[in-house]
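Chains, contacts and geometry: an overview
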Amino acid sequence: MNSEPRLPLPEDPRSESADSTAPRTERVPDAIGTVAAATDDGARMMHRAERLLEMAETGAWCGDVRTGALEWTNEVFRIHDVPVGPPPTVEEAIAFYPDETAAEVAAAVEKACTEAGPFEFVVPLVTARGRRIWVHTRGGAEVDADGKPVMVFGMVRDVTERKESEDRLREGEERLRRALEGARDGVWEWEVETDRMHFSPRWKEIIGYADHEIADDFNEWRSRVPDDEANEAMQIIEDCLTGRSDEYRAEFRRRHKDGSWRWILARASVFERDEQGRAKRFVGTHTDITDEVRMREELVEAKNAAETAVRAKSSFLATMSHEIRTPMNGVLGLANVLLGTELNE
């Protein structure tokens, strides 16, 4: 039978094959040196990990569930505007959070200490210098052999710039949404990555529905548009999402609640793309152009009627000209004869 390869095992000092002549005290320094080397390697790895976290502007912390003692990396001190030194107590650490979020933070940590559950939150924090910043914290718990939490750990990062950018973007979108609603346009938004849709109340009102009567679902649009017009619109959307065109613009009909058709002008563009250029958010409007389409159709009908009338008039005049010239030829011929004949008494 083939023997499987095995890792070499350390010699058992109780084994007969071990060198019983070597004094046991001579082997002790070797063991101490091995432990010291392993300790040094572990310390170097911890130092490298902390440096990497600092480069990512991310701090790490941990807390002993039994003693309540905290440990902070240098980046956590920096985020809190606190000089590097002895870490604060749990109560002092939670005191950095404003009253409106301190309870949420304390409850999350308490749950991790008792149930070993993960936690994550993005909340404001007031530093030792009084700066109000936003931090993103996520973590969990380490358990013992019995499954009881013994250590809580987490990572924290200052996300103030990102949060303020998101808030500015959200405020800008809200102003745009209010402006569009004021212009009686319906607003829709598609989160491409998650395939989530959002339709504004006006978007639904255009086809006669209250806000609660239509779900924020793609099929709510697709089921109310004729197949050929929907397919054409989807092709234009695809061109916009892939970057082949800068703007989505299409006209199609949507079925109204009363069974009639409403003509819609849809316009949209990609509001956000990822690092690979893939569309993340697609935002657009629906404008009811039914009256405009009806006027265009009436203008086309009037134009066609006018052109028909002009053709009829031309035909009539040509016919009348022919009918008038025919008898006049005889009259003109007789007149010429009379003009060339001498009259006598």
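Here's what I pulled together on the structure shown here. A quick note: this is a predicted structure, and the numbers were derived from the prediction, not measured.

Thresholds, definitions, all that
Residues numbered from 1 in each chain as written. Predicted model: local features only at pLDDT ≥ 70, side-chain atom pairs only at ≥ 80, totals over all residues. Heavy atoms only, no water. Helix = DSSP H or I, 4+ residues; strand = E, 2+ residues; numbered from the N terminus. Buried < 20%, exposed > 50% of the residue type's maximum accessible area, 1.4 Å probe, protein only. Contact = heavy atoms within 4.5 Å. Areas by Shrake-Rupley, 256 points an atom, 1.4 Å probe, with all protein chains shown as cover. Pairing = 2+ DSSP bridges. Phe/Tyr/Trp six-rings, centres within 6.5 Å; stacked < 30°, edge-to-face > 60°. Lys NZ or Arg CZ within 6 Å of the ring centre and 35° of its normal. Axes fitted to C-alpha atoms, helices over the stretch in contact; angles between N-to-C directions. Core = buried A, V, L, I, M, F, W, Y, C linked by side-chain atoms within 4.5 Å. Salt bridge = Lys/Arg side-chain N within 4 Å of Asp/Glu carboxyl O.

Okay, the overall build of the chain next. A count of helices and strands for the chain gives nine helices and 10 strands. Classification of the 345 residues of the chain by burial places 29% in the buried group. The contacts in the chain between residues at least 6 apart in sequence include a share of 43% that link residues at least 24 apart. Carbon and sulfur atoms provide 54% of the accessible area of the chain, an area that totals close to 23800 Å².

Where strand S3 (residues 119-126) and strand S4 (residues 132-143) come together, eight bridges link them in antiparallel fashion. By the bridge assignment for S4, Val123 is matched with Val135. Linking S3 back to S4 in an antiparallel pair, the connection comprises five residues, with Gly130 at a positive phi of about 85 degrees. Bridging between S4 and strand S5 (residues 149-158) involves nine bridges; their strand directions are antiparallel. Each residue of the ladder has a partner; that of His136, found in S5, is Arg157. Count of turn residues in the S4/S5 antiparallel hairpin: five residues, of which Gly147 carries a positive phi of about 80 degrees.

Our next topic: unusual backbone geometry. You will see that Asp81, though not glycine, has its phi angle at about 60 degrees, which is positive. Looking at the secondary structure, you find Asp81 in the loop between helix H2 (74-79) and helix H3 (90-94). Residue class for Asp81 comes out buried when judged on its relative accessible area of 14%. Despite not being glycine, Asp195 has its phi angle at roughly 65 degrees, a positive value. Along the polypeptide, Asp195 turns up in the loop between strand S6 (186-191) and strand S7 (196-199).

To continue, consider the packing of aromatic side chains. How two aromatic rings sit relative to each other is given by the distance of their centres and the angle of their planes. Using the criterion set out here, one finds 10 aromatic pairs in the structure. Ring geometry for Phe199 against Trp203: centres 3.8 Å apart, planes inclined by 10 degrees, an arrangement best described as stacked. Between Trp221 and Phe252, the aromatic rings sit 5.6 Å apart at their centres with planes inclined by 80 degrees, giving edge-to-face as the arrangement. Of the two residues, Trp221 sits in helix H7 (residues 218-222) while Phe252 sits in strand S8 (residues 248-255), which places them 31 residues apart along the sequence. One aromatic cluster is present, built from ring pairs that chain together Trp188, Trp190, Tyr248 and Phe282. Positioned over the ring face of Trp134 is Lys163, at 4.0 Å from the centre of the ring. Lying over the aromatic face of Tyr209, Arg224 brings its terminal NZ or CZ to 4.9 Å of the ring centre.

It is worth spelling out the sheet that holds strand S10 (residues 279-288) at this point. Judged by pairing direction, the sheet is antiparallel, and its five strands sit side by side in the order S7-S6-S10-S9-S8 without closing on themselves. Two strands in the sheet have a free side with no partner beyond their single neighbour: S7 and S8. Direction aside, the axes of adjacent strands within the sheet are offset by 25 degrees on average. Relative to S7, S6 runs antiparallel, the two being bridged by four bridges.

Further remarks concern the nonpolar core. Within the largest apolar cluster, 24 residues are counted, with the highest numbers of intra-cluster contacts made by Trp188, Trp190, Trp221, Tyr248, Phe252 and Phe282. Elements that contribute at least two residues to this core include exactly S6, S7, helix H8 (227-241), S8, strand S9 (261-273) and S10. By residue number, the principal contributor to this core is H8, which donates five residues. Setting aside residues no more than four positions away along its own chain, Phe252 makes contact with Trp221, Val225, Glu229, Ala233, Arg262, Trp263, Ile264, Ala266 and His286. By size, the runner-up hydrophobic cluster in this structure holds 22 residues, among which are Phe77, Ala112, Leu125 and Val152.

This brings us to the pattern of salt bridges. Taken as a whole and judged by the stated rule, the model has 24 salt bridges. Salt-bridge contacts for Glu213 lead to Lys257; the nearest nitrogen and oxygen are separated by 3.0 Å. Linking Glu213 in the loop between helix H6 (201-205) and H7 with Lys257 in the loop between S8 and S9, this pair joins segments that are 44 residues apart in sequence. Residue class for Glu213 comes out partly exposed when judged on its relative accessible area of 36%. Between Asp239 and Arg244 there is a salt bridge; the shortest N-O distance is 2.7 Å. One network of salt bridges, in which partners are shared, links Glu189, Glu272, Lys280 and Arg281.

Turning our attention to the side chain of Thr290. With respect to the secondary-structure elements, Thr290 resides in helix H9 (residues 290-339). Look at Thr290 and you get buried, because its relative accessible area is 4%. The residues contacting Thr290, other than those within four sequence positions of it, are Trp261, Arg262 and Trp263.

Strand order in this open sheet of five strands is S2-S1-S5-S4-S3, and the pairing throughout is antiparallel. Only two strands of the sheet have a single partner each, and these edge strands are strand S2 (70-72) and S3. Neighbour to neighbour, the strand axes of the sheet diverge by 25 degrees on average, direction disregarded. Contacting S3, S4 and S5, helix H4 (residues 99-115) runs over the sheet at an angle of about 145 degrees to S3.

So yeah, pure geometry; function would need other evidence.
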